[in-house]
Amino acid sequence: MSQPLSPLPPGSTIGILGGGQLGRMLSLAASRLGLRTHIYCPDPASPAFEVTPHKTVAAYDDETALAAFAEAVDVVTYEFENVPAATAEFLAARKPLRPGANALAISQDRLAEKQFLSSKNIPVAPWRAVESLADLEAAIADLGLPAVLKTTRLGYDGKGQRVIRAADEAAAAFAALQPHPLVLEAFMPFEKEISVVIARNGAGEVRAYDVAENVHRDHILFTSTVPADIAPGVARQAAMLAKVIVVALDYVGVLGVEFFVIPGERPTLVVNEIAPRVHNSGHWTEAVCLTDQFEQHMRAVALWPLGDPARLADVVMENLIGDEVLALPARLDGDSQPHLYGKAEPRPGRKMGHINRIRR
Ligand code: AMP
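Residues numbered from 1 in each chain as written. Predicted model: local features only at pLDDT ≥ 70, side-chain atom pairs only at ≥ 80, totals over all residues. Heavy atoms only, no water.

**As for the packing of aromatic side chains**
Evaluation of the coordinates by the stated rule reveals five aromatic pairs. With centroids separated by 5.7 Å and ring planes inclined at 35 degrees, the aromatic side chains of tyrosine 60 and phenylalanine 80 adopt a geometry described as tilted. Note that tyrosine 60 is positioned in the loop between β3 (54–56) and α2 (63–72) and phenylalanine 80 in the loop between β4 (75–78) and α3 (85–92), a separation of 20 residues in sequence. Look at tyrosine 60 and you get buried, because its relative accessible area is 15%. Residues phenylalanine 190 and phenylalanine 260 carry aromatic rings whose centres are separated by 4.7 Å and whose planes lie at 5 degrees to one another, so their mutual orientation is stacked. Taken together, the residues span a long stretch of sequence, with phenylalanine 190 in the loop between β8 (182–186) and β9 (192–200) and phenylalanine 260 in strand β13 (residues 253–262) at a distance of 70 residues. Owing to a relative accessible area of 35%, phenylalanine 190 belongs among the partly exposed residues under this scheme. Grouped by ring-pair contacts, the aromatic residues Tyr40, Tyr60, Phe69 and Phe80 constitute a single cluster. A cation over an aromatic ring shows up here: arginine 94 above the ring of phenylalanine 90, its NZ or CZ 3.6 Å from the ring centre. (Phe/Tyr/Trp six-rings, centres within 6.5 Å; stacked < 30°, edge-to-face > 60°. Helix = DSSP H or I, 4+ residues; strand = E, 2+ residues; numbered from the N terminus. Buried < 20%, exposed > 50% of the residue type's maximum accessible area, 1.4 Å probe, protein only. Lys NZ or Arg CZ within 6 Å of the ring centre and 35° of its normal.)

The following block contains the structure:
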């Protein structure tokens, strides 16, 4: 659907698919802008429901509920990339969907993502599509070992992937990862992981936040530190590649791009993943940017001018995973800004909140 270019007036309703912490933080940002949110999520215990004026608890394939939701909102956005394609199409036929269905389709399928990035000359790890064990053996012969075998869909926080270090591990990895097809990636000897959170609005204006340096623990983001300890040329290159991606997608909203930094005489960048939404590695923007990523996304999808992403201080964001949230008070000082997601049960591996710490 072609996008009308007039900004939504204050008081408009932004429909958000997904009720996790990202939806919650988007809803909080929207309310400061005088925008209302309507959150659609099948889970009645969704953290975003606590803070949104309107909600729908229904399955993503419930067309009656989806039609009523579309009727009640002015624009639809999403806070996770695994919204079923049929849901996105159903809604996009009724109301503007920002970011568009193309961004969803590409980012929810690793093969489509790699094909898209490669077609734009954006560096990715060497990869092969794997439909059979014979494909996997041929791919290993091409790419060498170690290599990483991944599902093409529904992978996150390291789920749905196996590192293959020896040829005799291939069959077990192939059988363990479902559904097929899979993708085999060459193992990247990266020095660090960085990310760029970038926004584009309906007028084609693009603004990127400073590069974050990310450390994972048990495959889950542990800290994001800004500025990243990288050469200025590497930071410029990361921002430039992120811009190529949002322009190529005719993207409207905030997008996260994760990179590997490959060491060398001149370090190079490889894109690991793109996420068509606000991103965990952008939570630091809340504490130190005039416009944080949540407000920026709302401004973009409402077709408002983007805000200034300039960073006013050095910062580190620490995720609070599982039980870590219980020790929150002891971890606070005058330089820290906590944000809890209101989740009742601190299960292992569950993101419960984060702390942004100013670094002086
Ligand atoms: P992903 O689910 O693709 O974001 O991967 C999760 C984590 O696995 C990344 O943050 C890396 O630490 C590691 N990883 C993924 N792909 C590769 C690769 N091709 N080479 C080396 N490490 C990888």
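This is not the end of the story, as more comes after the structure.
**Considering the sheet that holds strand β5 (residues 127–130)**
The strand order across the open sheet built from four strands is β5-β8-β6-β7, with neighbouring strands paired in antiparallel fashion. Taken across any chain shown, the strands that pair with only one partner, and hence form the sheet edges, are β5 and β7 (161–164). Taking the axes of each pair of neighbouring strands and ignoring which way they run, one obtains an average angle of 20 degrees across the sheet. Examined bridge by bridge, strand β6 (residues 147–151) and β7 share four bridges and lie antiparallel to one another. (Pairing = 2+ DSSP bridges. Axes fitted to C-alpha atoms, helices over the stretch in contact; angles between N-to-C directions.)

**Quick look at the pattern of salt bridges**
The full count for this structure, using the stated rule, is 22 salt bridges. Among the ionic pairs, arginine 32 bridges to aspartate 292, the shortest N-O distance being 3.9 Å. One end of the pair, arginine 32, is in helix α1 (residues 21–32); the other, aspartate 292, is in the loop between α9 (285–288) and α10 (293–301), and 260 residues separate them in sequence. Its relative accessible area of 59% is what places arginine 32 among the exposed residues. Judged by its relative accessible area of 10%, aspartate 292 falls in the buried class. We note a salt bridge from aspartate 229 to lysine 192, for which the minimum N-O separation is 4.0 Å. Of the two residues, aspartate 229 sits in the loop between β12 (220–226) and α8 (232–248) while lysine 192 sits in strand β9, which places them 37 residues apart along the sequence. By relative accessible area, which is 59% here, aspartate 229 ends up exposed. Given the relative accessible area of 13%, lysine 192 is considered buried. (Salt bridge = Lys/Arg side-chain N within 4 Å of Asp/Glu carboxyl O.)

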